[in-house]
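So you can see what is in the structure, the chains are spelled out below.
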Amino acid sequence: SACSVPSGPERPRSRCPVSGKERLAMAYVIAQPCIGVKDNSCVEVCPVDCIHSTDDADQYFINPDECIDCTLCEPECPVEAIFFEDDLPEQWAAFKETNAAFFKK
């Protein structure tokens, strides 16, 4: 797309201008291992408070419009449920949309 700009040698990411700022299309995704565990270690370390849930939800979700790709949440997850979008295992690919859909409500 016209918005694709490499952001570094490790993991190029798609960025699009939004209100004069760059935003990551989707950085990190919380997948199936979080369901039923819902440990809030990731929430505690997030510098931009982009990890949310509700009392009724079975897991946490990362807001793709707020995540700054800082990587702090990934190592804190005790069940290894947080993945960079490109590293999301195929069997949990649907969780990318599940995370994004949570914030479209």
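Every value quoted in this text rests on a predicted model; they were computed, and no experiment measured them.

A closer look at the side chain of asparagine 63
Consideration 1: Structurally, asparagine 63 can be placed in the loop between strand E5 (61-62) and helix H2 (73-76).
Consideration 2: Side-chain polar atoms of asparagine 63 contact the backbone nitrogen of aspartate 65, separated by 2.8 Å.
Consideration 3: Excluding its chain neighbours within four sequence positions, the residues that come into contact with asparagine 63 are Cys50, His52 and Phe103.

Observations regarding helix H3 (residues 94-102)
Residue pairs three or four apart in sequence face the same way in an α-helix, which turns once every 3.6 residues.
Consideration 1: Turning to H3, its buried residues are Phe95, Asn99, Ala100 and Phe102. Down the axis of H3, the buried set is contained in an arc of 160 degrees. They therefore lie on one face.
Consideration 2: Each element contacted by the buried residues of H3 is listed here: strand E3 (28-30), strand E4 (51-52) and E5.

With respect to the packing of aromatic side chains
Consideration 1: A full pass over the atoms with the stated rule returns 4 aromatic pairs.
Consideration 2: Their ring planes at 10 degrees and their centres at 4.1 Å tell us that phenylalanine 61 and phenylalanine 102 sit as a pair that is stacked. Within this pair, whereas phenylalanine 61 is found in strand E5, its partner phenylalanine 102 is found in helix H3, the two being separated by 41 residues in sequence.
Consideration 3: Residue class for phenylalanine 61 comes out buried when judged on its relative accessible area of 7%.
Consideration 4: Residue classification places phenylalanine 102 among the buried positions, given a relative accessible area of 14%.
Consideration 5: Ring centres of phenylalanine 102 and phenylalanine 103 lie 5.0 Å apart, and the angle between their planes is 85 degrees; on these two criteria the pair is classed as edge-to-face.

Examining the nonpolar core
In summary, soluble globular proteins display a tendency toward joint burial of nonpolar side chains.
Consideration 1: With 16 residues, the main nonpolar core has Tyr28, Ile30, Ile51, Ile62 and Ile82 as its most contacted residues.
Consideration 2: Among the elements of the structure, E3 and strand E6 (82-84) are those that each provide at least two residues to this core.
Consideration 3: By size, the runner-up hydrophobic cluster in this structure holds 6 residues, among which are Val29, Phe83, Leu88 and Trp92.

Looking at the confidence of the model for the protein
Consideration 1: Put simply, the protein has an average pLDDT of 81, and 74% of its residues get 70 or more.
Consideration 2: This stretch, residues 1-24, has a pLDDT under 50; its non-local contacts, to residues over four places away or in other chains, come to 33 contacts.

Describing the environment of valine 45
Consideration 1: One can find valine 45 in helix H1 (residues 41-45).
Consideration 2: Distance in space between the C-alpha atoms of valine 45 and leucine 72 is 6.4 Å, their sequence separation being 27 residues.
Consideration 3: Apart from the residues lying within four places of it in its own chain, the contact partners of valine 45 are Leu72, Cys73 and Glu76.

Reading the values: the criteria
- Residues numbered from 1 in each chain as written.
- Predicted model: local features only at pLDDT ≥ 70, side-chain atom pairs only at ≥ 80, totals over all residues.
- Heavy atoms only, no water.
- Helix = DSSP H or I, 4+ residues; strand = E, 2+ residues; numbered from the N terminus.
- Polar contact = N/O pair within 3.5 Å; in protein donor to acceptor, adjacent residues only side chain to side chain.
- Contact = heavy atoms within 4.5 Å.
- Buried < 20%, exposed > 50% of the residue type's maximum accessible area, 1.4 Å probe, protein only.
- Arc of directions from axis to C-beta.
- Phe/Tyr/Trp six-rings, centres within 6.5 Å; stacked < 30°, edge-to-face > 60°.
- Core = buried A, V, L, I, M, F, W, Y, C linked by side-chain atoms within 4.5 Å.
- pLDDT = per-residue confidence, 0-100.

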